[in-house]
Amino acid sequence: MATNAPVPVLLVDDLSANLLALEGLLQRDDLVLLKAQSGEEALELLLQNDVALALLDVQMPGMDGFELAEIMRGSERTRHVPIIFVTAGSSDSQRQFRGYEAGAVDFIAKPIEPHVLRSKANVFIDLYCQRRQIAAQRDELAVSAAALREADRAKDQFLAVLAHELRNPVAALMSGLDLLNRQRAPDQAEMIRGQMERMLFHLARLVEDLLDVSRISEGKVSLKTGRISLEDVLLSAVEGSRHNIDAAGHSLTVEMPETPVWLEADYTRLAQIVANLLNNAAKYTPAGGEIGLSASADEAGVEIRVSDNGVGIPADMQARIFEIFTQVENHRAHAQGGLGIGLALVRRLVSLHGGSISVTSGGQGKGSTFTVRLPVMQGQVDEIGAAPLVPKG
Ligand code: ADP
């Protein structure tokens, strides 16, 4: 329940004039006063509301205040509701109420002194609010604890996968080195060297990405921004991923904005972002697929889109894949030794630029489109103070 929701208070009296009087005395914006003219009506209201306090008239025809209180104490749901009995005279308070041990009980005599009623009621209302706040904090803590457990589990899983992923290339490098050292297969030396180079490159990339993520998390990465050409950055990213796109026999379509665009950004990091998305498009698309890279710009900023017609991403994973070490379960066969770091790194680099990244996909087998939005940055105004993104040439 919201901690600022109105607090329900139950008023029970068989006489409507008395109920109105009680209501007038307790009226406050933060309270909901629930009125009942009999014990039965009161029990019905108690079934639907978690009340902070019940004000019970003792003398009522049928079920009287004490009987109602005993029923309340007998039920788990209403056992701990604090009760103030409104008594008509001394004979009332002499009657025994069995049930003191279960919760707070107080008495107030008629004629009611307004300030006495309010201060007695306020004690219970304040207690209720504090309890509600504690319950809300407990719920928040439970959510954080669950998130921490999940993060811990993801890290454990990551360590296991990392160890496994490192063991294979390290073993292959060792046997390659061994073969070269012994000159067992001189005619294959070139091929072995090539394989070793690719594995080393893969390992170096993994380590670099991991270091990047942790450096960014610790706030140790700052952008080297300058005035750069969007076209140059995109071409450099294509260059960086060309090998993987060609190796899988994909076609690549590039659509640049009609007029060239300058922007204030970190050239290397932006190229890294786009190359990462292009490499993923190449990895997660079956051979002979179609990959698209397009960009557009207006006063609000730049939008870069990388699309593919590959394996797609199920709806429930679309937000999660930007979390570190998160991979779609049945994509592992395509991951080529990836560990679910790339998109986390991309998202962090995009947000260092003040931008955002999102993905859309029709689902399994329906391809994916990643969209990076970079806002206009401070200092992105050209020398004559014209529009921040200005046509080149
Ligand atoms: P990696 O590719 O190393 O597993 P990433 O962080 O780059 O790590 O990607 C996380 C996950 O997102 C991938 O494992 C894959 O399941 C999914 N993914 C990323 N890009 C695509 C894409 N273009 N098409 C389908 N799934 C993708």
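Residues numbered from 1 in each chain as written. Predicted model: local features only at pLDDT ≥ 70, side-chain atom pairs only at ≥ 80, totals over all residues. Heavy atoms only, no water.

Another aspect to go through is the overall build of the chain. Counting secondary structure elements, the chain contains nine helices and 12 strands. Seen along its three principal axes, the alpha-carbon backbone of the chain occupies a region of about 110 × 65 × 40 Å. For the chain, with 393 residues in total, the buried portion stands at 41%. Within the chain, contacts between residues separated by at least 24 positions form 68% of all contacts whose residues are at least 6 apart in sequence. Accessible surface, the chain as shown: approximately 21,400 Å² in total, 54% of it carbon and sulfur. Of the charged side chains in the chain, 37 are positive and 51 negative, and the gap between their average positions amounts to 6 Å. (Helix = DSSP H or I, 4+ residues; strand = E, 2+ residues; numbered from the N terminus. Buried < 20%, exposed > 50% of the residue type's maximum accessible area, 1.4 Å probe, protein only. Contact = heavy atoms within 4.5 Å. Areas by Shrake-Rupley, 256 points an atom, 1.4 Å probe, with all protein chains shown as cover. Lys, Arg positive; Asp, Glu negative; His and termini not counted. Charge placed at Lys NZ, Arg CZ, Asp CG, Glu CD.)

When the UniProt feature table is mapped to this numbering, "modified residue: 4-aspartylphosphate" (unreviewed entry) covers Asp57. If you trace the backbone, aspartate 57 turns up in strand E3 (residues 53-57). Using a relative accessible area of 3% as the deciding quantity, one classes aspartate 57 as buried. Residues within four places of aspartate 57 in sequence aside, it is in contact with Val12, Asp13, Asp14, Gly65, Val86 and Lys110. (UniProt positions renumbered as here; feature names shortened; annotations may be inferred.)

Looking now at the domain arrangement of the chain. Reports often express the size of an interface as the amount of accessible area lost when the parts come together. The assigned domain composition of the chain is domain 1 (7-112), domain 2 (151-217) and domain 3 (225-391). A C-alpha centroid distance of 26 Å is found between domain 2 and domain 3. Each side of the interface is counted separately: domain 2 has 16 residues, and domain 3 has 14 residues. Approximately 1,300 Å² of surface area, both sides summed, lies buried where domain 2 meets domain 3, with 69% of it carried by carbon and sulfur atoms. Ranking the residues of domain 2 by area buried against domain 3 places Phe158, Val213 and Ile216 at the top, with a combined share of 37%. For the interface between domain 2 and domain 3, the tally reads one salt bridge. Note that aspartate 212 is salt-bridged to arginine 269, the shortest N-O span being 3.0 Å. (Domains from an automatic or database assignment. Buried area = accessible area lost by both parts, 1.4 Å probe. Salt bridge = Lys/Arg side-chain N within 4 Å of Asp/Glu carboxyl O.)

Below, the discussion takes up the site of the ligand. In the vicinity of the ligand there are 21 residues, among which Asn280, Tyr284, Gln327, His331 and Leu343 approach most closely. Protein coverage of the free-state accessible area of the ligand, which is 530 Å², stands at 98%. Of all elements in the fold, only helix H8 (267-283), helix H9 (342-352) and strand E12 (368-375) reach the threshold of two or more residues within the shell around the ligand. Residue contributions to the shell around the ligand peak at three residues, all from H8. Of the residues contributing to the shell around the ligand, the split by class is 10 nonpolar, nine polar and two charged. (Near = heavy atom within 4 Å. Nonpolar A, V, L, I, M, F, W, Y, C, P; charged D, E, K, R; others polar.)

What follows concerns the pattern of salt bridges. Opposite charge on two side chains lets them pair, provided their charged atoms get close. One pass over the structure, following the stated rule, counts 16 salt bridges. A salt bridge links glutamate 190 to arginine 193; the nearest nitrogen and oxygen atoms lie 3.6 Å apart. Here arginine 193 and glutamate 190 lie together in helix H6 (residues 189-217), a separation of three residues that amounts to about one turn. Under the relative-accessibility criterion, glutamate 190 is labelled exposed at 60%.

We now examine the nonpolar core. One finds Leu277, Leu278, Ile304, Ile321 and Phe370 to be the most contacted residues of the largest nonpolar core, which totals 50 residues. Considering every element that reaches this core, the biggest residue donor is H8, with nine residues. The two domains that each donate at least three residues to this core are domain 2 (151-217) and domain 3 (225-391). (Core = buried A, V, L, I, M, F, W, Y, C linked by side-chain atoms within 4.5 Å.)

Note that the residue after lysine 110, namely proline 111, is joined by a cis bond; omega there is -10 degrees. Looking at the secondary structure, you find proline 111 in the loop between strand E5 (105-109) and helix H5 (114-182).

Spatial strand order, E2-E1-E3-E4-E5: five strands in an open sheet with parallel pairing. Since the sheet does not close on itself, it has two edges, and those belong to strand E2 (31-36) and E5, each with one partner. Across the sheet, the axes of successive neighbouring strands diverge by a mean angle of 20 degrees, strand direction being ignored. Here E3 pairs with strand E4 (residues 83-87) via four bridges, running parallel. Paired with aspartate 57 across the strands is valine 86, a residue of E4. (Pairing = 2+ DSSP bridges. Axes fitted to C-alpha atoms, helices over the stretch in contact; angles between N-to-C directions.)

What follows deals with helix H2 (residues 39-48). Listed in full, the buried residues belonging to H2 are Gly39, Ala42, Leu45 and Leu46. Burial along H2 is one-sided: seen end-on, the buried residues are contained in an arc of 120 degrees. The exposed set on the far side of H2, more than 90 degrees from its buried face, consists of Glu44, Leu47 and Gln48. Tucked inside the fold, the buried residues of H2 contact strand E1 (7-12), E2 and helix H3 (65-74). (Arc of directions from axis to C-beta.)

The next thing to look at is the sheet that holds strand E7 (residues 251-255). On the basis of which strands lie adjacent, the open sheet formed by five strands has the order E7-E9-E10-E12-E11 and mixed pairing. Lying at the two open borders of the sheet, with one neighbouring strand each, are E7 and strand E11 (356-361). Strand after strand, the sheet turns through a mean of 15 degrees between neighbouring axes, direction not considered.

Among the secondary structure elements, isoleucine 84 is positioned in strand E4. You can call isoleucine 84 buried: its relative accessible area is 0%. Separated by 20 residues in sequence, isoleucine 84 and alanine 104 place their C-alpha atoms 8.4 Å apart.

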